[in-house]
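Residue-level structural notes
Take a look at the letters that make up each chain.
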Amino acid sequence: MDEMTTLKNFRPDAPACDRARLAPGRQRLLDAAAAQRRRRRFWPRAGWKLAAAGAAAGVAVAAVLVAQVMPTNHTHRVEAEYATSPEPADGQWLYQKTLTRQSTLNFRDDLNPVPEKGAPEFTQETWTQYGSGKTRRMLMQGGLDSVVGKAVAGSPKELRRKVQKLPSEPQLLLRSLSKIIRHAGDYERIAYTFSNADTIPFEVRISLFRALETIPGVVVRPQLVKDALGRPALAVHPSDDNSFTRQTHRREELLLDPKTYEYRGERTMMLAGGVIDSKVTAEETLISVSAVQRFAAAVDEPGVRP
């Protein structure tokens, strides 16, 4: 007789452990395992360093690049994002702030960038009128620029209405989105929706992400990356065999929250095989990373912050 049979004979009247009784302990184990995995993979393995064919200068630039993607202070924290709030009036303006941290690479010659001194970092603030789609931007020297016309998919109000009605089935969603945004491919349409819709219901965000995964050639990177605020993010992009990446050795990535699929910003990488300062890069190199802050509260006029 084996040990388990002996143990069962001690308490023959004991009830069997059903799923409900086992579920709390199982969930604790799963949560602990997931936390351990996140700690191990929080930083990408090699994509944040610059290796320029063994050159010492490449190592120096790598240190600068890694430093730039770490949040330098807490002044850019997100106050509210996709929060429940009353729908804005047509005349109100939606506020958005984008923080971008760039590498010290100069791209005057696209195919052969050179390192420069300094650590470019800038913030772009925009106000978009909810009903009309008119946009105003804060200029570097202060003051607002002139009014920019309507976006591709219309005003925030129009886009919100259309996005809320998107079907959940991936292929139906892609077909519906092609009628909203006509001049692009499936990946570009979804990326545009994430980056331009002021409010996307959680269920729709899940559907958009599932549709992304069905598009041939679209890659969801297995390791989490960080946006410019240091928040963990999923990086999604077309495969590296597309014409833009082949010509420029640059990869443009869409950043999404790994749990809620909220839009986090963008990331641009210089791929191995590109040329930096006449030296062939051996590893992926960060060019720029951004982080987007969206505030649920609308304001009455451009230039006013929530």
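Rules used in this analysis
- Residues numbered from 1 in each chain as written.
- Predicted model: local features only at pLDDT ≥ 70, side-chain atom pairs only at ≥ 80, totals over all residues.
- Heavy atoms only, no water.
- Axes fitted to C-alpha atoms, helices over the stretch in contact; angles between N-to-C directions.
- Helix = DSSP H or I, 4+ residues; strand = E, 2+ residues; numbered from the N terminus.
- Parallel < 35°, antiparallel > 145°, perpendicular 65-115°, else oblique.
- Contact = heavy atoms within 4.5 Å.
- Nonpolar A, V, L, I, M, F, W, Y, C, P; charged D, E, K, R; others polar.
- Core = buried A, V, L, I, M, F, W, Y, C linked by side-chain atoms within 4.5 Å.
- Buried < 20%, exposed > 50% of the residue type's maximum accessible area, 1.4 Å probe, protein only.
- Expected span 1.5 Å × (residues − 1).
- Arc of directions from axis to C-beta.
- Polar contact = N/O pair within 3.5 Å; in protein donor to acceptor, adjacent residues only side chain to side chain.

**Observations regarding the packing of helix α5 (residues 170-180) against helix α6 (residues 186-196)**
Running from N to C, α5 and α6 point in directions that differ by 75°, and their axes come no closer than 10 Å. Considered as vectors, α5 and α6 are oriented roughly perpendicular to each other. Across from Leu-174, Leu-177 and Ser-178 in α5, the residues of α6 making contact are Asp-186, Arg-189, Ile-190 and Thr-193. Split into classes, the residues belonging to the contact of α5 with α6 amount to three nonpolar, two polar and two charged.

**A few points about the nonpolar core**
Counting residues in each nonpolar core, the largest one holds 32 residues, and the members touching the most others are Ile-190, Phe-194, Leu-208, Leu-212 and Leu-254. Of all elements in the fold, only α4 (156-164), α5, α6, α7 (202-214), β8 (232-238) and β9 (250-256) reach the threshold of two or more residues within this core. Examining the composition of this core, we find that six residues originate from one element, α7, more than from any other. If sequence neighbours within four positions are ignored, Leu-208 has contacts with Leu-166, Leu-173, Leu-177, Ile-190, Thr-193, Phe-194 and Ile-200. One finds Ala-228, Leu-229, Leu-286 and Ala-291 within the second-largest nonpolar core, a separate group that totals 12 residues.

**Some details on α7**
Between its first and last C-alpha atoms α7 spans 19 Å; for 13 residues at 1.5 Å apiece the expected length is 18 Å, and the two agree. Within α7 the residues assigned to the buried category are Val-204, Arg-205, Ile-206, Ser-207, Leu-208, Phe-209, Ala-211 and Leu-212. Looking at the buried side of α7, the elements it contacts are α4, α5, α6, β6 (218-220), β8 and β9.

**Some points on α5**
Regarding α5, the residues found buried are Leu-173, Leu-174, Leu-177 and Ile-180. Projection of α5 onto a plane perpendicular to its axis shows the buried side chains occupying an angular sector of 115°, all on one side. Structurally, α5 contributes buried residues whose contacts are with α4, α6 and α7. For α5, the N-terminal cap is Glu-169; the gap from its side-chain oxygen to the backbone nitrogen of Gln-171 is 3.0 Å.

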